[in-house]
Amino acid sequence: RIAPGIARGPVSRGLTLKPHLVALAPGAVLLMVASVLLVLPGLREATAPLISVAVYALALAGALLGLRFRSVRLVLALVVLALVDLVTTRWTAPGGPAHAAAIRGIVALLVPLNLAALAWTSDRGGWPRLRTWSLVLAAQAGGVVLLLLPDSAEAARALWQAFLAPGAGRWPAPGGPVPIAFGLAFVLVVVRFFLRPRQAESGLLWALVAAFVALALSRAPFVATLYLAAGGLILVVALIETSYAMAYRDELTGLPARRALNDLLGSLGPRYAVAMVDVDHFKKFNDAYGHQAGDQLLRKVAASLMEVAGGGRPFRYGGEEFAVVFPGLSSEEAAPHLEQVREAIAASPFTVRGRGRPRARPEEPTPSGPRKQAKVTVSIGVADAATAGPAPAAVVKAADEALYRAKRGGRNRLVTAEAGARRTEPRGR
């Protein structure tokens, strides 16, 4: 049986760590690869010319991709890493200005603060938010450029010694402003990631780690550039993962979206079944309880469909409609598995969440007033390639027509595509 409410998996916001670990994996692997380059001299020498320009190439490629998908935060984070490499490994490299150390310290202080602020910035807002952040970064870059001027050398050194230098007596040893800023930023970014375990947040977290290694743990220009490039590559991978998720995964339910369904149907063999599942009276439910409760209901149904046996793979088709694909099965073979899900949904009353109820189930139940419960049912139509024809569009159309007959027949039932010949009546109706 499927438990009432929101069940496990991507649709759940419980305490499971699996989504967090999956999101963290790419960044961890890329940072490990960067570390391997440092311990293999031959590989380091061979890749040095590429590493020296990688930060800027990644920033350009990531900016083009990020602007296309409106991922403002990741684009700005790439710009931050490119500017940091420009200042710390080129403008203030050994042999540069006498006050280079002070400039690098000021830049190292600004980086974690910017990345933490970006982690808590929403991608919503589009161009106005991009313009605002661009002005903020331009002001910081302009300030650093002014400090780099020969006439500003004394001012930069005085600023660093008076307020920011670890030995100035204002900061606890072995602290200092840079480690403290990175520590504070790390806490903020980790909290954001655990609240929203997605690739963008993971990319910003690993970019912060890479920047810390580059700026706080090493003074060698090549090492700094290497880890800043690794951070840029992590952000680009996060951009690609984010754009993929936008196209192929439904954000509300966590199920694969319609485009993923079309790709799967195009790769199947001659034997498969497709079921179309629709929530009964969903518009009335939305009108009675509100769209927020409607979203919760869709998550519950999605979680139930994730439990389907027989190798069924569920998808969000659109609105309150879902699709389930059974590779290698006929509609007759898939029907019992769909019946189990239909019966389980009908047997599990849906408790409407109050507005102040947390999304995750608390460890201890909290007192509350009377809870509203609603009976939820689904109608299902199923067809297979043997009866509808090999074309995926024909199978989906036949399943949709069977679903329509299930709706006309009273809802809360399953109908196959054989002209409605096989019909399963709901129990206790």
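Shown above is the structure to which this text applies.
Procedures and definitions
- Residues numbered from 1 in each chain as written.
- Predicted model: local features only at pLDDT ≥ 70, side-chain atom pairs only at ≥ 80, totals over all residues.
- Heavy atoms only, no water.
- Helix = DSSP H or I, 4+ residues; strand = E, 2+ residues; numbered from the N terminus.
- Buried < 20%, exposed > 50% of the residue type's maximum accessible area, 1.4 Å probe, protein only.
- Core = buried A, V, L, I, M, F, W, Y, C linked by side-chain atoms within 4.5 Å.
- Contact = heavy atoms within 4.5 Å.
- Phe/Tyr/Trp six-rings, centres within 6.5 Å; stacked < 30°, edge-to-face > 60°.
- Lys NZ or Arg CZ within 6 Å of the ring centre and 35° of its normal.
- Patch = residues over 30% accessible without salt bridge, like charges linked within 9 Å, V, L, I, M, F, W, Y side chains within 5 Å.
- Areas by Shrake-Rupley, 256 points an atom, 1.4 Å probe, with all protein chains shown as cover.
- Salt bridge = Lys/Arg side-chain N within 4 Å of Asp/Glu carboxyl O.
- Expected span 1.5 Å × (residues − 1).
- Arc of directions from axis to C-beta.

Q: Please explain unusual backbone geometry as it appears in this structure.
A: Excluding glycine, residues mostly carry a negative phi; peptide bonds, for their part, are mostly trans. Of note in the backbone geometry, histidine 281 takes a positive phi value of approximately 55 degrees without being a glycine. Along the polypeptide, histidine 281 turns up in the loop between β1 (272-279) and α11 (282-289). Among the residues examined, histidine 281 registers a relative accessible area of 42% and is labelled partly exposed.

Q: It is not clear to me how the nonpolar core should be interpreted in this structure. Could you clarify?
A: In globular proteins that are soluble, nonpolar side chains generally tend to be buried together. Counting residues in hydrophobic clusters, the biggest one holds 64 residues, and the most contacted among them are Val111 and Leu235. Residue contacts for leucine 235: discarding those within four places in its chain leaves Leu74, Ala77, Leu78, Leu81, Gly203, Leu204 and Ala207. If you look at the next biggest cluster of nonpolar residues, it comprises 32 residues, including Leu255, Val324, Phe350 and Val352.

Q: Teacher, can you tell me more about the packing of aromatic side chains here?
A: The geometry of an aromatic ring pair is captured by the separation of the ring centres together with the interplanar angle, meaning the angle of the planes. Counted by the stated rule, this structure contains five aromatic pairs. Residues phenylalanine 285 and tyrosine 289 carry aromatic rings whose centres are separated by 4.8 Å and whose planes lie at 50 degrees to one another, so their mutual orientation is tilted. Placement of the pair is phenylalanine 285 and tyrosine 289 together in helix α11, with a separation of four residues, close to one helical turn. Ring geometry for phenylalanine 285 versus phenylalanine 350: centroids 5.7 Å apart, planes at 65 degrees, classification edge-to-face. Within this pair, whereas phenylalanine 285 is found in helix α11, its partner phenylalanine 350 is found in strand β4 (residues 350-351), the two being separated by 65 residues in sequence. Every member of this aromatic cluster is reached through a ring pair, and the members are Phe285, Tyr289 and Phe350. Positioned above the aromatic ring of tryptophan 120 is the side chain of arginine 192, whose terminal nitrogen or guanidinium carbon lies 5.3 Å from the ring centre. Positioned over the ring face of tyrosine 248 is arginine 259, at 5.8 Å from the centre of the ring.

Q: Just to check I follow, could you spell out the environment of alanine 293 for this structure?
A: Summarising the element assignment, alanine 293 is placed in helix α12 (residues 291-305). Sequence-wise, alanine 293 and valine 352 are 59 residues apart; in three dimensions their C-alpha atoms are separated by 6.3 Å. The contacts of alanine 293, once residues within four sequence positions are left out, are Phe285, Phe350 and Val352.

Q: Help me understand a nonpolar patch on the surface in this model?
A: Where nonpolar side chains cluster on the molecular surface, the patch consists of Trp120, Leu184, Val187, Leu188, Val191 and Leu195 and spans about 550 Å² of accessible area. Overall, valine 187 belongs to the partly exposed group, its relative accessible area being 48%.

Q: Whenever I open this one, helix α7 (residues 177-195) confuses me. Can you help?
A: One turn of an α-helix holds 3.6 residues; hence residues three or four places apart share an orientation. Taking 1.5 Å as the rise per residue, α7 with 19 residues should run 27 Å; its terminal C-alpha atoms sit 27 Å apart, in good agreement. Looking at α7, one finds that the buried residues are Pro177, Val178, Ala181, Phe182, Ala185, Val189, Arg192 and Phe193. Seen along its axis, α7 keeps its buried residues to an arc of 120 degrees; they face one direction.

Q: Looking at this structure, I do not really get helix α10 (residues 258-265). What am I missing?
A: Ala260, Leu261, Leu264 and Leu265 are the residues of α10 that are buried. In a view along the axis of α10, the buried residues occupy a sector of 135 degrees, so they form one face of it. The elements touched by buried residues of α10 are α9 (221-248), β1, β2 (313-318), β3 (321-327) and α15 (392-408).

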